[in-house]
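Summary of the model geometry
Listed here are the chains, written in short residue letters.
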Amino acid sequence: MQLPSLPVWIVLAMAAGGAFGFLAPEAAKPLAVVTSIFLRLIRSIIAPVLFGALVTAVAGSLGSLGRLGWRSLVYFEISTALALILGWGVVAVARPGDGALIEAAPVAAESLNAGALVEQVFPASIMDAMARSDVLQIVVFCLIFGAAVGKAGVRGEPVLRFAEAMTAIAFQYTRYVMYLAPAAVFAAMAVTVAGSAGAMLASLARFVLAAWVAQTLFVIVVIAGSLRLFGVPLPRFAAFVREPFLVAFATTSSAAALPQTLESMERFGVPRRVLGIVAPLSLSFNLTGSCIHLAMCAFFVAQAAGIDLPAGRQAMILLTLKLTSKGVAGIPRANFVVLSGLFAQFGLPMEGLAVLLGIDALIDPIRTSVNVVGHCAAAAVVGSREQAPVCSSGGAC
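Let me sum up the structure you'll find in this document. (Residues numbered from 1 in each chain as written. Predicted model: local features only at pLDDT ≥ 70, side-chain atom pairs only at ≥ 80, totals over all residues. Heavy atoms only, no water.)

This part covers the environment of A131. By the secondary structure assignment, A131 is in helix α7 (residues 126-131). Judged by its relative accessible area of 66%, A131 falls in the exposed class. Residues A131 and A47, 84 residues apart in the sequence, show an inter-C-alpha distance of 8.7 Å. (Helix = DSSP H or I, 4+ residues; strand = E, 2+ residues; numbered from the N terminus. Buried < 20%, exposed > 50% of the residue type's maximum accessible area, 1.4 Å probe, protein only.)

Here is the structure:
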């Protein structure tokens, strides 16, 4: 008899924790230490994950960019920016976090002008930035450092191999920590429900619904709009993207859907030389479904904790998410690792993370599927600008 997978255990732990917190609120409150231990372990891997993943992604792709690569990156940056804005907008309008009552420690408001905010993005010492878990400074350093490694050629290869090894080790480390996730989710839900009299459960249900709506809107408005703008036939694209979409939905893995993505888009008419560049880059730099989810999680927890974020701080959160979402697709529960660094930097309550992890399995299928549809759309759009655009029923024109 096969044991349930980790996502199933997490969902079961969320339900059991909610019931325990409702039935025995006084007994649930001491369980907060379990969640705290789990979150401390997650925070301990933020810097290694970002360094390994970002340096590998930037250095590994820099040498093979060329015209097609740069055109792809422009498309990726626009689509991920729109995804983040959409996620922020849906939470701002639907307000699923209202009434959830997540306790937050008071955070001193910083009165920094625009110049000081920009200055704080750049690290004076990477060791200091890693010690303080300053995610934005770590990301800026890793992007520049990764570019330097890529340009160093043969001399940079040992550093690139080190970054690749660190990514693999971080993957395994995160997997070990995630074995504690069901216990952490149970404890977090029990403590939260004990303090909110069940209001958190209703708030989480609204968040799941809002997440599905946001992902669907992105496909209909942004992806379909971009395809139409570049003259890609929508009905035919939908027919070819169906198989990779279903594989991603069933496996919740963009990498698992990559073979179907490549095969379907080649049959659709995207030149193979375009796919060879766009598809690998898209796996690291074009995670639109994940970007929607990251923005929604951050602002949902802020709402639930009653934190009023000024416009400047909201913009910095979106910028941080845009940078930290690059290159971490291979890390298990990568969205959770990224959010843990963001929460620590911007003073959002870490307890909200464990609660969000409990419902992640309910959102992961549609989030991953939208990632894959975005990969397919990027290949179709970039391919449409080449000498052999995708437009005929049999393939390339």
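Here the narrative resumes.
Orientation of helix α12 (residues 234-251) relative to helix α13 (residues 258-268), taken along the N-to-C sense of each, is 170°, at an axis distance of 9 Å. With respect to α13, the axis of α12 lies roughly antiparallel. Between α12, through R236, F237, F240, E243, P244 and V247, and α13, the contact on the second element is made entirely by Q260, T261, S264, M265, R267 and F268. Residue composition of the contact of α12 with α13, grouped by class: six nonpolar, three polar and three charged. (Axes fitted to C-alpha atoms, helices over the stretch in contact; angles between N-to-C directions. Parallel < 35°, antiparallel > 145°, perpendicular 65-115°, else oblique. Contact = heavy atoms within 4.5 Å. Nonpolar A, V, L, I, M, F, W, Y, C, P; charged D, E, K, R; others polar.)

Turning our eyes to something else, we now look at the nonpolar core. Residues F38, F237, M265, M296, L321 and F343 are the most contacted members of the largest nonpolar core, which totals 118 residues. Here this core gets 18 residues from one element, more than from any other, and that element is helix α18 (residues 351-384). Other than its neighbours up to four places away in sequence, F38 contacts V177, M178, L180, A181, A184, F336 and L357. (Core = buried A, V, L, I, M, F, W, Y, C linked by side-chain atoms within 4.5 Å.)

It helps to recall that an α-helix has 3.6 residues per turn; residues three or four apart then point in one direction. Here α18 is 34 residues long and its end C-alpha atoms lie 46 Å apart, about the 50 Å a rise of 1.5 Å per residue gives. The sharpest bend along α18 reaches about 55° and sits at D360. Burial analysis of α18 places 31 of its 34 residues in the buried class, which makes it a mostly covered element. (Expected span 1.5 Å × (residues − 1). Bend = angle between axes of the 7 residues up to and from the residue.)

Positive phi values are uncommon outside glycine, yet R95 reaches one of about 50°. With respect to the element layout, R95 can be found in the loop between α5 (66-94) and α6 (114-121). Given a relative accessible area of 38%, R95 falls into the partly exposed group.

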